[in-house]
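# Structure assessment
Here's the letter readout for the chains.
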Amino acid sequence: MKISVLTMFPELFPDFLREPVIARARGLGKAEISIVDIKAFAGGSFRRIDDDTYGGGAGMVMRALPILRALESVKEMGANCHTIYLTPSGVPYTQKKARELSSLPGLVLLCGHYEGIDARVLSHVDEEISIGDYVLTGGELPAKVVLDSVIRLLPGVLREESTREESFENGLLEYPQYTKPADLNGDRIPEVLLSGDHEKIRLWRLRASLKLTLRHRPDLLENRVFTEEERKLLREIQEEMPGGD
Ligand code: ADE
């Protein structure tokens, strides 16, 4: 996958590119990442990238032209140009979206700053994505979130089993995991995990996933289609809960 990140702060990326999974994906040739400095496209002796907002108001807005020139330059390099603008006003990012993006041949991630970007850039963007209901100083952290979540899903980067059973992949949060020792100063792992009975372990995990999702993210269960088995487990869990009958 060819990825270009358009940013005013390219110096924020080298450390990220050295993180183990990202470095592995690059080393294997699964991800080719270029960091493009929008400032280089500002032109003029002051290289002015931001300006006051029309209509007045606090803060500065990133000018359209340098961004459009930077976008044009990555298109000229032949990168596939599915372009995403990271913004708190975007559509909430999900694991489903990460999967979808991981099947594309390329991505362009546009990081905003200041109070935002000139809105005329938006007609050159395919999607606007938010990583959560809070405001960060810029789009660089969100771009890293998107990069990390997409790159780890590229075939051959991680073992497929390790991403298949993760939280959100089946619409539920992941069940708890344990490793040695089985007895930690008297705090023992659930006995079923030592039983070697794969069916019992599968059921315990499904039940644990449902229980955790009900407790932490009941919203995930609202529009989910349940199997008969899940429905039965969920009824049992709800009956066990305080206030359940
Ligand atoms: N830029 C600033 N805050 C953001 C957020 N929550 N998501 C995406 N981009 C952002």
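Residues numbered from 1 in each chain as written. Predicted model: local features only at pLDDT ≥ 70, side-chain atom pairs only at ≥ 80, totals over all residues. Heavy atoms only, no water.

## Comments concerning the packing of helix 4 (residues 95–102) against helix 5 (residues 140–151)
Think of two packed helices as two axes; the pair is described by the angle between the axes and how far apart they sit. Heads up, the condition is: Between N-to-C directions, angles cover 0 to 180 degrees, with each direction set by a line fitted to C-alpha atoms, over the stretch in contact for helices. Secondary structure elements follow DSSP: runs of H or I no shorter than four residues count as helices, runs of E no shorter than two count as strands, and numbering proceeds from the N terminus. By definition in this entry, angles of less than 35 degrees are roughly parallel, angles greater than 145 are roughly antiparallel, angles of 65 to 115 are roughly perpendicular, and the rest are oblique. Crossings are assigned a handedness: left-handed for a near helix turned anticlockwise from the far helix by less than a right angle, right-handed for a clockwise turn. By definition in these notes, contact holds between two residues if any of their heavy atoms fall within 4.5 Å. When residue character is reported, Ala, Val, Leu, Ile, Met, Phe, Trp, Tyr, Cys and Pro are called nonpolar, Asp, Glu, Lys and Arg charged, and the others, Gly included, polar.
Direction vectors running N to C along helix 4 and helix 5 enclose 70°, while the axes themselves pass 8 Å from each other. As summarised for this structure, helix 4 and helix 5 are arranged roughly perpendicular, according to the angle between their axes. Once helix 4 is placed against helix 5, the crossing between them reads as right-handed. Here helix 4 contributes Ala-98, Leu-101 and Ser-102 to the contact with helix 5, which in turn contributes Val-146, Ser-149 and Val-150. Along the lines of polarity and charge, the residues of the contact of helix 4 with helix 5 split into four nonpolar, two polar and no charged.

## Structural notes on the pairing of strand 1 (residues 2–7)
Note the following rule: Residue burial is assigned from relative accessible area. The probe radius is 1.4 Å, only protein chains are included, and a residue is buried under 20% of its type maximum, exposed over 50%, and partly exposed in between. Between any two strands, at least two bridges found by DSSP are needed for them to pair.
With respect to burial, strand 1 is a largely interior element, five of its six residues being buried. Pairing of strand 1 with strand 2 (residues 32–37), which is carried by six bridges, proceeds in the parallel orientation. Looking at strand 2, one finds that Leu-6 is bridged to Val-36. Relative to strand 6 (residues 106–111), strand 1 is paired through five bridges, and the arrangement is parallel. Looking across to strand 6, one finds that Lys-2 is bridged to Gly-106.

What is shown is where atoms sit, not what they do.
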